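Remarks on the overall topology
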Amino acid sequence: IHSFCKKDDHNKENLFNSLNYDVAAKKRKKDLLNNKAKIQYFHQEKWIYVHKGSTKERHGYCTLGEAFNRLDFSSAILDSRRFNYVVRLLELIAKSQLTSLSGIAQKNYMNILEKVVQKVLEDQQNIRLIRELLQTLYTSLCTLVQRVGKSVLVGNINMWVHRMESILHWQQQLNNIQITRPAFKGTTLTDLPLCLQLNIMQRLSDGRDLVSLGQVAPDLQVLSEDRLLWKKLCQYHFTDRQIRKRLILSDKGQLDWKKMYFKLIRCYPRKEQYGDTLQLCRHCHILSWKGTDHPCTANNPETCSTSLSPQDFINLFRF
(Lines give C-alpha, C1' and ligand atoms only; values in the text may rest on other atoms or scores of the structure.)
Protein backbone atom coordinates (compact mmCIF):
# COMPACT_ATOMS: atom_id res chain seq x y z
CA ILE A 1 0.00 0.00 0.00
CA HIS A 2 2.80 2.38 0.87
CA SER A 3 4.56 1.79 -2.45
CA PHE A 4 1.27 2.17 -4.32
CA CYS A 5 0.54 5.54 -2.71
CA LYS A 6 4.01 6.78 -3.58
CA LYS A 7 3.50 5.67 -7.15
CA ASP A 8 0.12 7.34 -7.29
CA ASP A 9 1.58 10.59 -5.96
CA HIS A 10 4.28 10.36 -8.56
CA ASN A 11 1.71 9.98 -11.34
CA LYS A 12 -0.31 12.89 -9.97
CA GLU A 13 2.79 15.05 -9.93
CA ASN A 14 3.60 14.10 -13.52
CA LEU A 15 0.02 14.81 -14.54
CA PHE A 16 0.12 18.22 -12.83
CA ASN A 17 3.42 19.09 -14.52
CA SER A 18 2.00 18.00 -17.87
CA LEU A 19 -1.06 20.22 -17.39
CA ASN A 20 1.15 23.15 -16.43
CA TYR A 21 3.26 22.57 -19.55
CA ASP A 22 0.17 22.51 -21.79
CA VAL A 23 -1.17 25.69 -20.25
CA ALA A 24 2.19 27.42 -20.63
CA ALA A 25 2.48 26.28 -24.24
CA LYS A 26 -1.01 27.54 -25.06
CA LYS A 27 -0.26 30.85 -23.36
CA ARG A 28 2.95 31.29 -25.34
CA LYS A 29 1.09 30.54 -28.56
CA LYS A 30 -1.64 33.03 -27.66
CA ASP A 31 0.93 35.68 -26.79
CA LEU A 32 2.68 35.05 -30.07
CA LEU A 33 -0.49 35.58 -32.09
CA ASN A 34 -2.24 38.28 -30.09
CA ASN A 35 0.18 40.28 -27.98
CA LYS A 36 3.24 40.87 -30.16
CA ALA A 37 2.62 43.86 -32.39
CA LYS A 38 5.35 42.83 -34.84
CA ILE A 39 3.83 39.42 -35.50
CA GLN A 40 1.23 39.18 -38.25
CA TYR A 41 -1.44 36.50 -38.17
CA PHE A 42 -1.58 34.53 -41.43
CA HIS A 43 -4.29 32.25 -42.77
CA GLN A 44 -3.65 29.38 -45.13
CA GLU A 45 -6.60 30.34 -47.33
CA LYS A 46 -6.21 33.63 -49.19
CA TRP A 47 -9.94 34.07 -49.74
CA ILE A 48 -13.11 34.52 -47.70
CA TYR A 49 -16.68 33.37 -48.26
CA VAL A 50 -19.15 36.24 -48.10
CA HIS A 51 -22.47 35.12 -46.64
CA LYS A 52 -25.61 36.43 -48.26
CA GLY A 53 -27.98 38.38 -46.05
CA SER A 54 -27.67 39.27 -42.38
CA THR A 55 -27.25 35.97 -40.55
CA LYS A 56 -25.67 34.80 -37.32
CA GLU A 57 -22.82 33.24 -39.30
CA ARG A 58 -22.22 36.48 -41.17
CA HIS A 59 -22.02 38.55 -38.00
CA GLY A 60 -19.65 36.05 -36.38
CA TYR A 61 -17.38 35.17 -39.28
CA CYS A 62 -17.86 37.36 -42.34
CA THR A 63 -16.60 40.67 -40.94
CA LEU A 64 -14.33 43.39 -42.25
CA GLY A 65 -11.64 42.41 -39.76
CA GLU A 66 -11.78 38.75 -40.78
CA ALA A 67 -11.56 39.68 -44.45
CA PHE A 68 -8.59 41.91 -43.73
CA ASN A 69 -6.87 39.00 -41.95
CA ARG A 70 -7.54 36.42 -44.63
CA LEU A 71 -6.81 38.36 -47.82
CA ASP A 72 -3.14 38.54 -48.68
CA PHE A 73 -2.47 42.28 -48.35
CA SER A 74 1.17 41.81 -47.31
CA SER A 75 2.00 40.31 -50.69
CA ALA A 76 -0.33 42.69 -52.53
CA ILE A 77 1.67 45.78 -51.56
CA LEU A 78 4.71 44.29 -53.31
CA ASP A 79 2.76 44.16 -56.58
CA SER A 80 2.77 47.50 -58.40
CA ARG A 81 -0.65 46.73 -59.91
CA ARG A 82 -2.21 46.28 -56.45
CA PHE A 83 -0.24 48.82 -54.43
CA ASN A 84 -2.52 51.84 -55.01
CA TYR A 85 -5.59 49.67 -54.38
CA VAL A 86 -4.31 48.55 -50.97
CA VAL A 87 -3.28 52.10 -50.02
CA ARG A 88 -6.73 53.43 -50.92
CA LEU A 89 -8.32 50.65 -48.87
CA LEU A 90 -6.10 51.48 -45.89
CA GLU A 91 -7.15 55.12 -46.19
CA LEU A 92 -10.88 54.27 -46.24
CA ILE A 93 -10.48 52.04 -43.18
CA ALA A 94 -8.55 54.79 -41.38
CA LYS A 95 -11.30 57.31 -42.07
CA SER A 96 -14.29 55.43 -40.68
CA GLN A 97 -13.80 51.68 -40.27
CA LEU A 98 -10.85 51.34 -37.91
CA THR A 99 -13.06 50.43 -34.97
CA SER A 100 -14.72 47.69 -37.06
CA LEU A 101 -11.48 45.70 -37.09
CA SER A 102 -10.74 43.06 -34.49
CA GLY A 103 -7.64 43.28 -32.31
CA ILE A 104 -5.62 41.00 -34.58
CA ALA A 105 -6.87 42.83 -37.67
CA GLN A 106 -5.81 46.18 -36.20
CA LYS A 107 -2.32 44.81 -35.55
CA ASN A 108 -2.18 43.41 -39.07
CA TYR A 109 -3.27 46.83 -40.32
CA MET A 110 -0.37 48.55 -38.56
CA ASN A 111 2.10 45.88 -39.71
CA ILE A 112 1.03 46.26 -43.33
CA LEU A 113 1.21 50.03 -43.00
CA GLU A 114 4.78 49.75 -41.70
CA LYS A 115 5.70 47.59 -44.70
CA VAL A 116 4.15 50.17 -47.02
CA VAL A 117 6.23 52.95 -45.45
CA GLN A 118 9.43 50.91 -45.68
CA LYS A 119 8.71 50.14 -49.34
CA VAL A 120 8.22 53.84 -50.11
CA LEU A 121 11.44 54.75 -48.28
CA GLU A 122 13.35 52.19 -50.33
CA ASP A 123 11.72 52.84 -53.72
CA GLN A 124 11.27 56.63 -53.25
CA GLN A 125 7.92 56.42 -55.02
CA ASN A 126 4.35 57.34 -54.01
CA ILE A 127 5.65 59.59 -51.22
CA ARG A 128 2.76 62.05 -51.29
CA LEU A 129 0.23 59.21 -51.38
CA ILE A 130 1.58 57.68 -48.16
CA ARG A 131 1.92 61.05 -46.48
CA GLU A 132 -1.80 61.62 -46.99
CA LEU A 133 -2.58 58.13 -45.68
CA LEU A 134 -0.54 58.66 -42.51
CA GLN A 135 -2.10 62.06 -41.90
CA THR A 136 -5.61 60.62 -42.31
CA LEU A 137 -4.85 57.78 -39.90
CA TYR A 138 -3.25 60.08 -37.32
CA THR A 139 -6.23 62.46 -37.42
CA SER A 140 -8.67 59.59 -36.92
CA LEU A 141 -6.66 58.14 -34.03
CA CYS A 142 -6.52 61.53 -32.30
CA THR A 143 -10.32 61.59 -32.35
CA LEU A 144 -10.69 57.96 -31.21
CA VAL A 145 -8.12 58.15 -28.41
CA GLN A 146 -9.99 61.08 -26.86
CA ARG A 147 -12.98 58.76 -26.41
CA VAL A 148 -11.15 56.38 -24.07
CA GLY A 149 -13.49 54.16 -22.05
CA LYS A 150 -16.22 54.03 -24.70
CA SER A 151 -14.94 50.80 -26.31
CA VAL A 152 -13.97 52.48 -29.54
CA LEU A 153 -10.50 50.91 -29.81
CA VAL A 154 -9.35 47.42 -28.95
CA GLY A 155 -6.34 47.29 -26.65
CA ASN A 156 -4.60 49.40 -24.06
CA ILE A 157 -4.50 53.16 -24.58
CA ASN A 158 -0.72 53.17 -24.12
CA MET A 159 -0.37 50.80 -27.05
CA TRP A 160 -2.30 53.18 -29.32
CA VAL A 161 -0.27 56.15 -28.11
CA HIS A 162 2.86 54.20 -29.04
CA ARG A 163 1.40 53.52 -32.48
CA MET A 164 0.65 57.21 -32.93
CA GLU A 165 4.27 57.96 -32.08
CA SER A 166 5.30 55.46 -34.76
CA ILE A 167 3.11 57.29 -37.28
CA LEU A 168 4.79 60.58 -36.41
CA HIS A 169 8.18 58.91 -36.83
CA TRP A 170 7.18 57.59 -40.26
CA GLN A 171 5.97 61.04 -41.29
CA GLN A 172 9.31 62.50 -40.26
CA GLN A 173 11.15 59.87 -42.28
CA LEU A 174 9.09 60.68 -45.36
CA ASN A 175 9.68 64.40 -44.88
CA ASN A 176 13.44 63.85 -44.66
CA ILE A 177 13.67 61.61 -47.71
CA GLN A 178 16.13 62.78 -50.36
CA ILE A 179 15.40 61.75 -53.93
CA THR A 180 18.58 60.35 -55.45
CA ARG A 181 19.26 61.14 -59.07
CA PRO A 182 19.91 58.11 -61.29
CA ALA A 183 23.52 57.59 -62.30
CA PHE A 184 22.54 56.82 -65.89
CA LYS A 185 22.70 59.95 -68.05
CA GLY A 186 20.80 59.03 -71.19
CA THR A 187 17.75 60.41 -72.92
CA THR A 188 15.53 62.42 -70.59
CA LEU A 189 11.94 63.59 -70.92
CA THR A 190 12.98 67.02 -72.18
CA ASP A 191 15.05 65.40 -74.97
CA LEU A 192 11.92 63.91 -76.53
CA PRO A 193 9.86 65.74 -79.18
CA LEU A 194 7.17 68.04 -77.78
CA CYS A 195 4.36 65.84 -79.08
CA LEU A 196 5.76 62.86 -77.13
CA GLN A 197 6.23 64.93 -74.00
CA LEU A 198 2.61 66.05 -74.18
CA ASN A 199 1.49 62.49 -74.85
CA ILE A 200 3.27 61.33 -71.68
CA MET A 201 1.69 64.13 -69.64
CA GLN A 202 -1.74 63.00 -70.80
CA ARG A 203 -1.13 59.67 -69.03
CA LEU A 204 -0.96 61.39 -65.62
CA SER A 205 -4.27 61.16 -63.77
CA ASP A 206 -3.44 63.56 -60.92
CA GLY A 207 -3.28 67.30 -61.57
CA ARG A 208 -0.76 67.73 -58.76
CA ASP A 209 1.67 65.54 -60.69
CA LEU A 210 1.27 67.84 -63.69
CA VAL A 211 2.06 70.87 -61.54
CA SER A 212 5.13 69.15 -60.05
CA LEU A 213 6.33 68.08 -63.49
CA GLY A 214 5.99 71.65 -64.75
CA GLN A 215 8.41 72.81 -62.05
CA VAL A 216 11.24 70.62 -63.36
CA ALA A 217 12.13 72.67 -66.44
CA PRO A 218 10.86 75.82 -68.23
CA ASP A 219 9.85 73.84 -71.32
CA LEU A 220 7.78 71.45 -69.20
CA GLN A 221 6.21 74.43 -67.45
CA VAL A 222 4.81 75.64 -70.78
CA LEU A 223 3.42 72.21 -71.66
CA SER A 224 1.90 71.72 -68.20
CA GLU A 225 -0.28 74.81 -68.77
CA ASP A 226 -1.82 73.43 -71.95
CA ARG A 227 -5.59 74.00 -71.85
CA LEU A 228 -6.39 70.81 -73.78
CA LEU A 229 -4.37 68.79 -71.27
CA TRP A 230 -6.41 70.08 -68.31
CA LYS A 231 -9.65 69.76 -70.26
CA LYS A 232 -9.05 66.06 -70.88
CA LEU A 233 -8.15 65.62 -67.23
CA CYS A 234 -11.44 67.21 -66.12
CA GLN A 235 -13.45 65.13 -68.59
CA TYR A 236 -11.72 61.97 -67.42
CA HIS A 237 -12.57 62.40 -63.74
CA PHE A 238 -15.91 64.25 -63.81
CA THR A 239 -19.20 64.17 -65.66
CA ASP A 240 -20.43 66.93 -67.97
CA ARG A 241 -23.06 67.88 -65.43
CA GLN A 242 -20.46 68.30 -62.69
CA ILE A 243 -18.28 70.39 -64.99
CA ARG A 244 -21.15 72.68 -65.98
CA LYS A 245 -21.80 73.47 -62.31
CA ARG A 246 -18.20 74.63 -61.75
CA LEU A 247 -17.41 76.73 -64.81
CA ILE A 248 -14.61 79.27 -64.39
CA LEU A 249 -13.65 81.83 -67.05
CA SER A 250 -10.17 83.22 -67.52
CA ASP A 251 -9.30 86.86 -68.19
CA LYS A 252 -9.48 86.15 -71.91
CA GLY A 253 -13.05 84.85 -71.63
CA GLN A 254 -12.05 81.19 -72.08
CA LEU A 255 -12.73 78.30 -69.75
CA ASP A 256 -9.92 77.96 -67.23
CA TRP A 257 -9.72 74.17 -67.10
CA LYS A 258 -6.84 74.12 -64.63
CA LYS A 259 -8.70 76.14 -61.99
CA MET A 260 -11.86 74.15 -62.72
CA TYR A 261 -10.01 70.88 -62.05
CA PHE A 262 -8.81 71.90 -58.60
CA LYS A 263 -12.26 73.26 -57.77
CA LEU A 264 -13.92 70.05 -58.94
CA ILE A 265 -11.69 67.76 -56.83
CA ARG A 266 -12.79 69.70 -53.74
CA CYS A 267 -16.44 69.05 -54.57
CA TYR A 268 -16.54 65.61 -56.17
CA PRO A 269 -14.53 62.37 -55.88
CA ARG A 270 -12.10 61.65 -58.67
CA LYS A 271 -12.33 58.61 -60.89
CA GLU A 272 -10.34 55.69 -59.50
CA GLN A 273 -8.49 53.25 -61.70
CA TYR A 274 -6.38 50.29 -60.54
CA GLY A 275 -4.25 47.74 -62.31
CA ASP A 276 -5.64 44.88 -60.22
CA THR A 277 -8.52 44.67 -57.76
CA LEU A 278 -10.22 42.26 -55.40
CA GLN A 279 -12.87 40.19 -57.12
CA LEU A 280 -16.13 38.66 -55.92
CA CYS A 281 -17.29 35.43 -57.53
CA ARG A 282 -21.03 35.70 -58.25
CA HIS A 283 -21.36 31.93 -58.36
CA CYS A 284 -19.82 30.92 -55.02
CA HIS A 285 -19.69 34.35 -53.28
CA ILE A 286 -15.98 34.08 -52.52
CA LEU A 287 -13.85 37.22 -52.29
CA SER A 288 -10.21 36.97 -53.40
CA TRP A 289 -7.49 38.53 -55.51
CA LYS A 290 -7.45 37.78 -59.21
CA GLY A 291 -5.57 34.57 -59.89
CA THR A 292 -6.08 33.18 -56.38
CA ASP A 293 -7.34 29.61 -56.35
CA HIS A 294 -10.63 29.14 -54.50
CA PRO A 295 -13.12 26.25 -54.36
CA CYS A 296 -15.44 27.42 -57.16
CA THR A 297 -17.85 24.90 -58.74
CA ALA A 298 -18.61 27.00 -61.82
CA ASN A 299 -17.63 25.62 -65.22
CA ASN A 300 -15.85 28.87 -66.11
CA PRO A 301 -14.96 30.74 -62.90
CA GLU A 302 -13.33 33.68 -64.73
CA THR A 303 -16.66 34.77 -66.22
CA CYS A 304 -18.28 34.86 -62.75
CA SER A 305 -15.86 37.35 -61.20
CA THR A 306 -16.81 40.97 -60.53
CA SER A 307 -14.17 43.59 -59.74
CA LEU A 308 -14.67 45.57 -56.55
CA SER A 309 -13.42 49.08 -55.87
CA PRO A 310 -12.03 49.79 -52.38
CA GLN A 311 -15.32 51.44 -51.43
CA ASP A 312 -17.27 48.44 -52.76
CA PHE A 313 -15.10 46.23 -50.54
CA ILE A 314 -16.00 48.33 -47.47
CA ASN A 315 -19.70 48.36 -48.38
CA LEU A 316 -19.68 44.57 -48.70
CA PHE A 317 -19.30 44.23 -44.93
CA ARG A 318 -21.84 46.84 -43.87
CA PHE A 319 -24.88 45.02 -42.54
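Residues numbered from 1 in each chain as written. Predicted model: local features only at pLDDT ≥ 70, side-chain atom pairs only at ≥ 80, totals over all residues. Heavy atoms only, no water.

As recorded by an unreviewed UniProt entry, the protein chain carries the name F-box only protein 32 and is attributed to Pedionomus torquatus. Regarding the protein chain, the UniProt comment filed under Subunit (unreviewed entry) reads as follows: "Part of the SCF (SKP1-CUL1-F-box) E3 ubiquitin-protein ligase complex SCF(FBXO32) formed of CUL1, SKP1, RBX1 and FBXO32." According to the UniProt record, the Pathway (unreviewed entry) comment for the protein chain reads "Protein modification; protein ubiquitination." (UniProt positions renumbered as here; feature names shortened; annotations may be inferred.)

Considerations on the pattern of salt bridges
Close approach of charged atoms lets side chains of opposite charge pair. The final tally for this structure, using the stated rule, is 14 salt bridges. Residue E91 pairs with R88 through a salt bridge whose shortest N-O separation is 3.3 Å. On the criterion of helical spacing, the pair formed by E91 and R88 is a turn pair, its members being 3 residues apart in helix 5 (residues 80–97). Owing to a relative accessible area of 23%, R88 belongs among the partly exposed residues under this scheme. For E132, the salt bridge identified is with R208, shortest N-O distance 2.5 Å. Note that E132 is positioned in helix 7 (residues 127–145) and R208 in helix 10 (residues 207–214), a separation of 76 residues in sequence. (Salt bridge = Lys/Arg side-chain N within 4 Å of Asp/Glu carboxyl O. Helix = DSSP H or I, 4+ residues; strand = E, 2+ residues; numbered from the N terminus. Buried < 20%, exposed > 50% of the residue type's maximum accessible area, 1.4 Å probe, protein only.)

Some remarks on the layout of surface pockets
By volume, the largest pocket amounts to about 2100 Å³. Forming the walls of the largest pocket are 40 residues, and the residues nearest its centre are N126, R128, L204, D206 and D209. Among the residues forming the lining of the largest pocket, the class breakdown is 15 nonpolar, 13 polar and 12 charged. Formed jointly, the lining of the largest pocket draws a minimum of three residues from each of two domains, domain 1 (64–176) and domain 2 (206–267). Here the second largest pocket is characterised by a volume of approximately 260 Å³. For the lining of the second largest pocket, the elements supplying multiple residues, two or more each, are strand 2 (278–281) and strand 3 (286–289). (1 Å grid on protein atoms, 1.4 Å probe; cavity = no way out; pocket = protein on both sides within 12 Å on 5 of 7 lines; lining within 4 Å. Points joined across faces, edges and corners; volume = space filled by probe spheres on them. Nonpolar A, V, L, I, M, F, W, Y, C, P; charged D, E, K, R; others polar. Domains from an automatic or database assignment.)

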